[in-house]
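If you want the building blocks of each chain, they are given just below.
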Amino acid sequence: MPGSVGGPRILLRRLREVMAEPESAQKRLDKIVVLIASNMVAEVCSVYLMNGTKELELSATEGLKPTAVHATRLRVGEGLVGDIAAHARPRNLAGAQSHPGFAYRPETGEEIYKSLMGVPILRSGKVVGVLVVQNRTKRHYTEEEVEALQTVAMVLAEVVAAADLIGAVPDEPDLSRQMPYHIAGTSFSESIALGHAVLHEPRVHVTKLIAEDTELELKRLEQAVYALRGSIDDMLETMYDAPGIGLAAVQVGVPKQVIVMDLAREGEEPEPRYFINPEILSTSDDLAVYEEGCLSVPDFYEEVERPARCRVRYLDYQGEIREEECDEMLATCLQHEMDHLDGVLILDRTAPEQRREALKALPAGG
Ligand SMILES: [Zn+2]
């Protein structure tokens, strides 16, 4: 496995020297790719920069065909280079060509290079280009090498920004790493869509079951429970303000299996109830009909038929496991809120004619 000649320190020093020379930005880039290639013992080093049409344009290379410079362009998301830009993350592939994302460009002559390591060139959190090294042999670039290339990419970001080498850096959401963004849509057929967009993250796989520092872990657990109680308290407040008698966490954009409820009638003492990770264990065969309303569908009330009783298991506010037989209002309300946790709305339990009427009555843009 080839190692780095001189390592990152030497490379950074050379970069500093190049930066100090009175050169055109293009010449600087050309020198920088040569420096990186030799320092990292890579046959290829290329810089792709975002051009005015928001494509990644090969702007300097050592190793690929010089005629491809300013001729080869990749869309964001296209090929491995485009993928690095789209996700703003490094890629380190010993077998780059066999990767399904590989986009072969004959004009570059890159077909002989098996390995690829690339990092995004970031400026103010936005991707302005991609820096890539390639090798003929199947090479596993080390973590250290990836980090070194990232550091060089930081320096490059300054070079290209100072020299105006990049086209208009787009504000497209796919290039912004953290900011939430707004998607404007065009209606395809006249109708209405209601819902909450919730980011579904893969569940956490616990691989470390024994804590190295138990005291620290207990503290973290305590903080997590504290935070959970905080969000439950907020939910209850939101529900009282609405006003409503039940609220599921997803209704307020909290992706947790939590329901809050208070079925006390007007004038009675409040009776807040909390159901964490609720699970309906069984339901009765006999049904009951209640007129239901929902905070997510304002001013809509409809009779819904559900099992008259259900048995539920949940964790209470203190985190204790509880099981309870529910009937009447409690059974109905709990099943309504459990529906929310499953992404089911009261409208889904309503006959189509009533649903159409209800939707017509909703405020425009709702
Ligand atoms: Zn509801």
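These figures come from a predicted structure and were not determined experimentally.

Calculation criteria
Residues numbered from 1 in each chain as written. Predicted model: local features only at pLDDT ≥ 70, side-chain atom pairs only at ≥ 80, totals over all residues. Helix = DSSP H or I, 4+ residues; strand = E, 2+ residues; numbered from the N terminus. Buried ≥ 20, exposed ≤ 12 C-beta atoms within 10 Å, placed from the backbone. Contact = placed C-beta atoms within 7 Å. Pairing = 2+ DSSP bridges. Axes fitted to C-alpha atoms, helices over the stretch in contact; angles between N-to-C directions. Parallel < 35°, antiparallel > 145°, perpendicular 65-115°, else oblique. Nonpolar A, V, L, I, M, F, W, Y, C, P; charged D, E, K, R; others polar. Core = buried A, V, L, I, M, F, W, Y, C linked by C-beta atoms within 7 Å.

Peer 1: So what exactly am I meant to see when it comes to the overall build of the protein chain here?
Peer 2: In terms of regular secondary structure, the protein chain is built from seven helices and 13 strands. When each of the 366 residues of the protein chain is scored for burial, the buried share is 29%. Expressed as a percentage of contacts within the protein chain between residues at least 6 apart in sequence, the contacts between residues at least 24 apart total 57%.

Peer 1: Before we go on, may I ask you to explain the sheet that holds strand S4 (residues 91-93) in this structure?
Peer 2: Think of a sheet as strands paired side by side through backbone hydrogen bonds, with each pair either parallel or antiparallel. The strand order S3-S2-S1-S6-S5-S4 describes an open sheet built from six strands, whose pairing is antiparallel. Two strands bound the open sheet, and with one partner strand each, they are strand S3 (73-75) and S4. Ignoring strand direction, the axes of neighbouring strands in this sheet form an average angle of 25 degrees. Across six bridges, the pairing between strand S1 (residues 44-50) and strand S2 (residues 55-62) is antiparallel. Along S2, the bridge assignment pairs cysteine 45 with glutamate 62. Contacting S1, S2, S3, S4, strand S5 (115-123) and strand S6 (126-135), helix H3 (residues 79-87) runs over the sheet at an angle of about 35 degrees to S5. Against the sheet, helix H4 (residues 143-162) touches S1, S4, S5 and S6, its axis set at about 45 degrees to S5.

Peer 1: Would you take a moment to explain unusual backbone geometry for this structure?
Peer 2: For residues that are not glycine, phi is negative in most cases, and the peptide bond is trans in most cases. Between alanine 242 and proline 243 the backbone carries a cis peptide bond, its omega angle lying at -10 degrees. Of note in the backbone geometry, histidine 70 takes a positive phi value of approximately 65 degrees without being a glycine. Positionally, histidine 70 belongs in the loop between S2 and S3. By C-beta crowding, histidine 70 is classed as partly exposed, having 13 other C-beta atoms within 10 Å. Of note in this structure, glutamate 328 is not a glycine but carries a positive phi near 45 degrees. As for its placement among the helices and strands, glutamate 328 is situated in helix H6 (residues 328-341).

Peer 1: What is the right way to read the packing of helix H1 (residues 7-20) against H4 from this model?
Peer 2: Between two packed helices, what matters for the description is the angle formed by their axes and the separation of those axes. Packing of H1 against H4 leaves a shortest axis separation of 10 Å and a crossing angle of 10 degrees. Between H1 and H4, the angle is such that the two are roughly parallel. Where H1 abuts H4, its residues Pro8, Leu11, Leu15 and Met19 lie against Ala148, Thr151, Val152, Val155 and Val159. When grouped by side-chain class, the residues that make up the contact of H1 with H4 number eight nonpolar, one polar and no charged.

Peer 1: How do you make sense of the sheet that holds strand S8 (residues 258-261) when you look at a structure like this?
Peer 2: One open sheet holds the five strands; their spatial order is S7-S8-S9-S12-S13, and the pairing between them is antiparallel. The open sheet has two free edges, formed respectively by strand S7 (246-248) and strand S13 (321-326), since each of these has just one partner strand. The mean angle between the axes of side-by-side strands here comes to 35 degrees, regardless of whether they run parallel or antiparallel. As defined by bridge partners, strand S9 (residues 273-283) adjoins strand S12 (residues 310-315) across five bridges and the pair is classed as antiparallel. The partner of glutamate 279 across the bridge, within S12, is arginine 313. Docked against the sheet, helix H5 (residues 214-241) engages S7, S8 and S9, running at close to 45 degrees with respect to S8.

Peer 1: Teacher, can you tell me more about H3 here?
Peer 2: An α-helix turns once every 3.6 residues. As a result, residues three or four positions apart point the same way. Among the residues of H3, Leu80, Val81, Asp83, Ile84 and Ala85 are the ones counted as buried. As for H3, its buried residues are in contact with S1, S2, S3, S4, S5 and S6. Of the residues trailing H3, alanine 88 is marked for its positive phi of about 50 degrees.

Peer 1: What is the right way to read the nonpolar core from this model?
Peer 2: One broad rule of soluble globular proteins: the nonpolar side chains tend to lie buried together. Judged by nonpolar contacts, the single largest core of 46 residues is most densely connected at Ile36, Val81, Val130, Leu131, Val133, Val152 and Leu156. Contributing elements (two or more residues each) for this core: H1, helix H2 (25-39), S1, S2, H3, S5, S6 and H4. In terms of residue count, H4 provides more of this core than any other element does, seven residues in total. Setting aside chain neighbours within four positions, we find valine 133 in contact with Ile36, Ala37, Met40, Ala42, Val44, Cys45, Met117 and Leu149.

Peer 1: Teacher, can you tell me more about the environment of threonine 67 here?
Peer 2: Here threonine 67 is to be found in the loop between S2 and S3. Exposure remark for threonine 67: the 11 C-beta atoms within 10 Å place this residue in the exposed category. The spatial distance from the C-alpha of threonine 67 to the C-alpha of threonine 108 is 7.8 Å, given a sequence separation of 41 residues.

Peer 1: Can you walk me through the pairing of S6 in this structure?
Peer 2: When a strand is regular, its side chains alternate between the sheet's two faces. Counting buried positions over the 10 residues of S6 gives 10, a clear majority of the element. With six bridges connecting them, S1 and S6 associate as antiparallel partners. Considered in S6, the bridge of valine 44 is made with glutamine 134. Where S5 meets S6, nine bridges bridge the pair, whose relative direction is antiparallel. In the sheet register, serine 115 faces S6, and the bridge partner there is asparagine 135. Following S5, the chain reverses through two residues before pairing antiparallel with S6; serine 124 in that reversal takes a positive phi of roughly 50 degrees.

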